[in-house]
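Residue-level structure breakdown
Here's the letter readout for the chains.
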Amino acid sequence: MDIDELKYKRILLKLSGEALAGQDKTGINPDVIQQIATEIKEVSDLGVEVALVIGAGNIFRGAMAESLGINRSTGDFMGMLATVMNSMAVENTLEKMDKPTRVLTAIEMKHVAEPYTIQKALDHLKKGRIVIAAGGTGHPYFTTDTAASLRAVELGADVLLKATKVDGVYTGDPEKDPNAEKIVEIPYMEMIKRQLRVMDLTAISLCMDNNLPIIVFNLFERGALKRIVLGEAVGTKIY
């Protein structure tokens, strides 16, 4: 396929840690991670430059730290370390598919991954390698959604793709409200005003300030990622 046929040539895909667990809720489900890696490989094979940010809710959450009497900063750093574990698992799966992948961490740990710098990440992307930016922002009090927005802006991504369990943003929780309606497109400010909490306000504001579109979609809908990069209307676009 000609690269000019692609709607988005460089993407930042944000995955939650829970996505890797599948129905198990915690840990890493090997079938699920294989399925996710297959979707990523498919768009990479088209010539799309792919960067990822992965959460850690399947391993450690801030609420867990609070229940253990651990302070917020320490709990956030523990969560950042857990994102590295998830990132290494996805890296390993992609490498087994012959997709060169590099984990770059905001917290230096040279024995397991390269330190994150913008230039290093861009160099890998331009060489056709998949980049996984781990360790959040490297600072407490910021979510992995905010880390994803930051990395997307830094790396000049064409779009931030937020993978969820549902096929977009709804007026209410579709699992609880049968009258909830799907929103196809919505401006950033409208998202904020209506408090549709798909991402935290810091993450949305960062995208808004840098005119970076966000697409919320269901990664487990086969071929959805490929359809997005080809320009099809999938999920909900926040602009």
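A short tour of the structure in this document, coming up. Everything numeric here is computed off the predicted structure, so don't read it as measured data.

What to know about the pairing of strand β1 (residues 10–15)
For a regular strand, side-chain orientation follows a simple rule: the groups alternate between the two sheet faces. Buried residues dominate β1, accounting for six of its six residues. Taking every second residue as pointing to the same face, both faces of β1 are buried, with Arg 10, Leu 12 and Lys 14 on one and Ile 11, Leu 13 and Leu 15 on the other. With six bridges joining them, β1 and strand β2 (residues 49–54) adopt parallel strand pairing. Directly across from Leu 13, in β2, lies its bridge partner Leu 52. By the bridge criterion, four bridges tie β1 to strand β6 (residues 159–164) in an arrangement that is parallel. In the sheet register, Lys 14 faces β6, and the bridge partner there is Lys 162.

Some remarks on helix α5 (residues 118–126)
For α5, every residue scored as buried is listed here: Ala 121, Leu 122, His 124 and Leu 125. Within α5, the buried residues cover an arc of 160° as seen down the axis, which keeps them to one side. Each element contacted by the buried residues of α5 is listed here: β1, β2, β3 (101–105), β4 (114–115) and β5 (130–134). Looking one or two residues past α5, Gly 128 carries a phi angle of roughly 85°, positive in sign.

Reading the values: rules and limits
One numbering rule holds for all chains: residues counted from 1, following each sequence as written. Two thresholds apply to this predicted model, a pLDDT of at least 70 for residue-level local features and 80 or more for giving and counting side-chain atom pairs, whereas whole-chain, interface and lining totals are computed over all residues. Excluding hydrogens and water, the side-chain values take into account all heavy atoms of the structure. Exposure categories follow from relative accessible area, calculated using a 1.4 Å probe and restricted to protein chains: below 20% of the type maximum is buried, above 50% is exposed, and the middle band is partly exposed. Put simply, DSSP H or I for four residues or longer makes a helix, DSSP E for two residues or longer makes a strand, and each gets a number counted from the N terminus. In this description, strands pair whenever DSSP reports at least two bridges between them. What the arc describes is the spread of directions from the helix axis to the C-beta atoms. Throughout, a contact is declared for two residues whenever any of their heavy atoms are within 4.5 Å.

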